Amino acid sequence: LGRMKAVIVVHGGAGRIFKEREEGCRAGVVRAALRGYGVLKQGGSAVDAVEVAVQSMEDDPHFNAGCGSVLNEKGEVEMDAIIMDGKKLDSGAVSAVKCIANPIKLARLVMEKTQHMLLTDHGAHLFAQAMGIPEVPREKLITERSRERWKKNLEPDSNPEEFQKDLGTVGAVAVDSTGNVACATSTGGLSNKLIGRVGDTACIGSGGYADNHSGATSTTGHGESIMKVVLARLILYHMEQGMSPEVAADTALDYMKTRVGGLGGVIVVNKAGEWAARFSTKQMSWATVKDNELHYGIHAGERHVKSVDEALASESEGF
């Protein structure tokens, strides 16, 4: 049998990526993919790899997750995250969490240190304290851009729907050298959302799903639409019926569009190491590393290819 091929795929959110943000988004997903792949190359698990990749994007203000999250109606950051291990279908998630830098770390602790799968709001906060996760001042997570957008959306003639096209959930999927798969997804949610709104990200089967028998997927896009069709699980169902990752992704996205008018994007990997990054929105930033080759893009049909060594060299020079 030999060693399984290790693969990581990441996304930085589907939606509309404004010109001036493209470079930062590209660099951010590339950095995340390279970090995740570094973990896999050293024999690390798929779960470790997706956590590291997502953490990298939570720390990057270009994305709507961790630092850079959009603000709710009251001008606060409330974040959701999920992680899942395909071996025994273990999963951990948190929703409506505030004042922590990396919700994905907390989700992983929920998976490993509790008998539960999802902790929310105040309870998640108490658990974070018990686990010794440092609190960060809320201002630390708020970028100028998020505040600007929040203000714009408060204007009487504003159309928050317009801005919600520029979504930016982040996610990662991986298969490691032993054939285990995992997924991780993290988000700040919808701009000017109601307090306590939880979207698809924290919901198992919607924001992500991982099963060694079929593969792993992480989703992004309009959360309520994704929840209606349980998008992540739907993709894996299509793969169980024999579809390739790409066809399964397109079929599920197409169904979501025709059935509920929802747009989004997905990344998928199967246990054989075949992958896909597909979207029905205008753009989605994505990157993948397989066989020491980095592929990445933002626009439909765009795909750049570099060797990992070349990418790491330009990475250390600052993209």
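Residues numbered from 1 in each chain as written. Predicted model: local features only at pLDDT ≥ 70, side-chain atom pairs only at ≥ 80, totals over all residues. Heavy atoms only, no water.

For the rest of this paragraph, the subject is the UniProt feature "active site" (unreviewed entry) in the protein. Under the UniProt annotation, the feature "active site" (unreviewed entry) is placed at T169. Relative to the helices and strands, T169 is located in the loop between α7 (160–163) and β5 (170–175). For T169, a relative accessible area of 6% gives the class buried. (UniProt positions renumbered as here; feature names shortened; annotations may be inferred. Helix = DSSP H or I, 4+ residues; strand = E, 2+ residues; numbered from the N terminus. Buried < 20%, exposed > 50% of the residue type's maximum accessible area, 1.4 Å probe, protein only.)

Attention now moves to the packing of helix α1 (residues 19–41) against helix α11 (residues 308–316). Look at α1 against α11: their axes get within 11 Å of each other, and the N-to-C directions meet at 120°. Relative to α11, α1 is oriented oblique. Relative to α11, α1 is oriented so that their crossing is left-handed. Residues R31, L34 and Y37 of α1 lie in contact with α11, whose contacting residues are V308, A311, L312 and E315. Taken together, the residues that form the contact of α1 with α11 break down as five nonpolar, no polar and two charged. (Axes fitted to C-alpha atoms, helices over the stretch in contact; angles between N-to-C directions. Parallel < 35°, antiparallel > 145°, perpendicular 65-115°, else oblique. Left-handed = near helix turned anticlockwise from the far one by under 90°. Contact = heavy atoms within 4.5 Å. Nonpolar A, V, L, I, M, F, W, Y, C, P; charged D, E, K, R; others polar.)

All right, on to the environment of G207 then. On the secondary structure map, G207 appears in the loop between β6 (181–187) and β7 (208–211). Residues G207 and E315, spaced 108 residues apart in sequence, show a C-alpha to C-alpha distance of 29 Å. Sequence-distant contacts of G207, that is, excluding residues within four places in its chain, are made with T185, D200, T201, S218, T219 and A232.

Another point: the layout of surface pockets. Here the second largest pocket defines a volume of roughly 210 Å³. Lining the second largest pocket are 14 residues, and of these A277, R278, F279, W286 and G301 sit closest to its centre. Contributions of two or more residues to the lining of the second largest pocket are made by α10 (245–260) and β10 (275–279). Across the lining of the second largest pocket, the residue classes tally to six nonpolar, three polar and five charged. (1 Å grid on protein atoms, 1.4 Å probe; cavity = no way out; pocket = protein on both sides within 12 Å on 5 of 7 lines; lining within 4 Å. Points joined across faces, edges and corners; volume = space filled by probe spheres on them.)

Turning to the side chain of S285, a few remarks are in order. Inspection of the secondary structure assignment puts S285 in strand β11 (residues 283–290). Not counting residues within four places of it along the chain, the set of residues in contact with S285 comprises V10, H11, G12, G13, I17, C25, V29, F63, G297 and I298.

In this section: the UniProt feature "binding site: substrate" (unreviewed entry) in the protein. Taking the numbering used here, the UniProt-annotated feature "binding site: substrate" (unreviewed entry) corresponds to R197, V198, G199, D200, T220, G221, H222 and G223. As for the second largest cavity, its lining draws on R197, G199, D200, G221 and G223 from among the annotated residues. Take G199: it is sitting in the loop between β6 and β7. Assessed through its relative accessible area of 2%, G199 is described here as buried. With near-sequence residues (within four places) excluded, G199 lies in contact with D80 and M227.

Another point: the sheet that holds strand β9 (residues 264–270). Taken in spatial order, the four strands line up as β7-β8-β9-β10 in an open sheet, and their pairing is antiparallel. Across the chains shown, the open sheet's two edge strands, defined by having one partner strand only, are β7 and β10. The sheet shows a mean angle of 10° between the axes of neighbouring strands, taken without regard to direction. The pairing of β7 with strand β8 (residues 215–221) spans four bridges and is antiparallel. When the sheet's bridge partners are listed, D211 is paired in β8 with G215. Along the sheet, helix α9 (residues 231–240) makes contact with β7, β8 and β9, crossing β8 at roughly 140°. (Pairing = 2+ DSSP bridges.)

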